[in-house]
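Letter by letter, the chains look like this.
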Amino acid sequence: MRVYYEDTDAAGVVFYANYLRFMERGRTEWLRALGFEQDALREHHDLLFAVRDLTLDYLFPARFNDRLTVRSALARRGGASLEFEQSVVRATDQRCCCQGRVKVVCLDAATLRPRRMPDFLVNGILSGLARQLHAPTE
């Protein structure tokens, strides 16, 4: 992704809260790469994901027009939660701007109460991760 003017503060660096938006996009793309669209999970399976806990370390400022890469890796899976290790890296020099750990919980869409992830989702995540581990690399 590219840093737009709207992402920056008066000093011309990415406003700290925007890293959360970038990481949200990273988790959405992670799920999408495994074959799951969040709107379809809500519509067809009545489930949502919501951030439960997070820690962030701001390491280096990203600036207007920088190209950034968001890296997302599953660190832990619980019965109703997923915990991710994520980083936002500047593409030109691979400098890590922000890194964090984000725990999301699976919720019932109607009640907004935690619920166990359904088997099809757990199996899809696990098989998708296994495919990624065994994919040929260049």
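Thresholds, definitions, all that
Residues numbered from 1 in each chain as written. Predicted model: local features only at pLDDT ≥ 70, side-chain atom pairs only at ≥ 80, totals over all residues. Heavy atoms only, no water. Pairing = 2+ DSSP bridges. Helix = DSSP H or I, 4+ residues; strand = E, 2+ residues; numbered from the N terminus. Patch = residues over 30% accessible without salt bridge, like charges linked within 9 Å, V, L, I, M, F, W, Y side chains within 5 Å. Areas by Shrake-Rupley, 256 points an atom, 1.4 Å probe, with all protein chains shown as cover. Salt bridge = Lys/Arg side-chain N within 4 Å of Asp/Glu carboxyl O. pLDDT = per-residue confidence, 0-100. Contact = heavy atoms within 4.5 Å.

### Examining the pairing of strand E2 (residues 68-77)
Residues in a regular strand point their side chains to alternate faces of the sheet.
Link 1 in the chain: In this structure, E2 lies alongside strand E3 (residues 81-90), joined through nine bridges in antiparallel fashion. Across the sheet, Val-70 pairs through a bridge with Val-88, a residue of E3.

### Re a nonpolar patch on the surface
Link 1 in the chain: A surface patch of nonpolar side chains, amounting to about 330 Å² of accessible area, comprises Phe-15, Tyr-16 and Tyr-58.
Link 2 in the chain: Considering the arrangement of structural elements, one finds Tyr-16 in the segment before helix H1 (18-33).

### Topic: the pairing of strand E4 (residues 95-108)
Link 1 in the chain: When strand E1 (residues 47-58) meets E4, the two strands line up antiparallel, connected through 11 bridges. If you follow Tyr-58 over to E4, its bridge partner there is Cys-98.
Link 2 in the chain: For E3 and E4, the ladder comprises 10 bridges, and the chain directions are antiparallel. Bridge pairing in E4 places Ser-87 opposite Gln-99.
Link 3 in the chain: Two successive antiparallel strands, E3 and E4, enclose a turn made up of four residues, where Gln-94 displays a positive phi of approximately 60 degrees.

### Notes on the confidence of the model for the protein
Link 1 in the chain: For the protein, the average pLDDT comes to 93, and 93% of its residues sit at 70 or higher.
Link 2 in the chain: Model confidence for the protein, summarised as mean pLDDT per element, is weakest for helix H3 (residues 119-134) at 80 and strongest for E4 at 98.

### Observations regarding the environment of Leu-20
Link 1 in the chain: Examined against the element boundaries, Leu-20 turns out to sit in helix H1.
Link 2 in the chain: Leu-20 sits 34 residues away from Leu-54 along the chain, and the two C-alpha atoms are 9.6 Å apart.
Link 3 in the chain: Those residues in contact with Leu-20 that sit more than four places away from it in its chain are Leu-54 and Leu-56.

### Re the environment of Phe-60
Link 1 in the chain: Mapped onto the elements of the fold, Phe-60 is located in the loop between E1 and E2.
Link 2 in the chain: Each C-alpha atom, one on Phe-60 and one on Cys-97, is 4.3 Å from the other, the two residues being 37 residues apart in sequence.
Link 3 in the chain: Excluding anything up to four places from it in sequence, Phe-60 contacts Tyr-19, Arg-90, Arg-95, Cys-96 and Cys-97.

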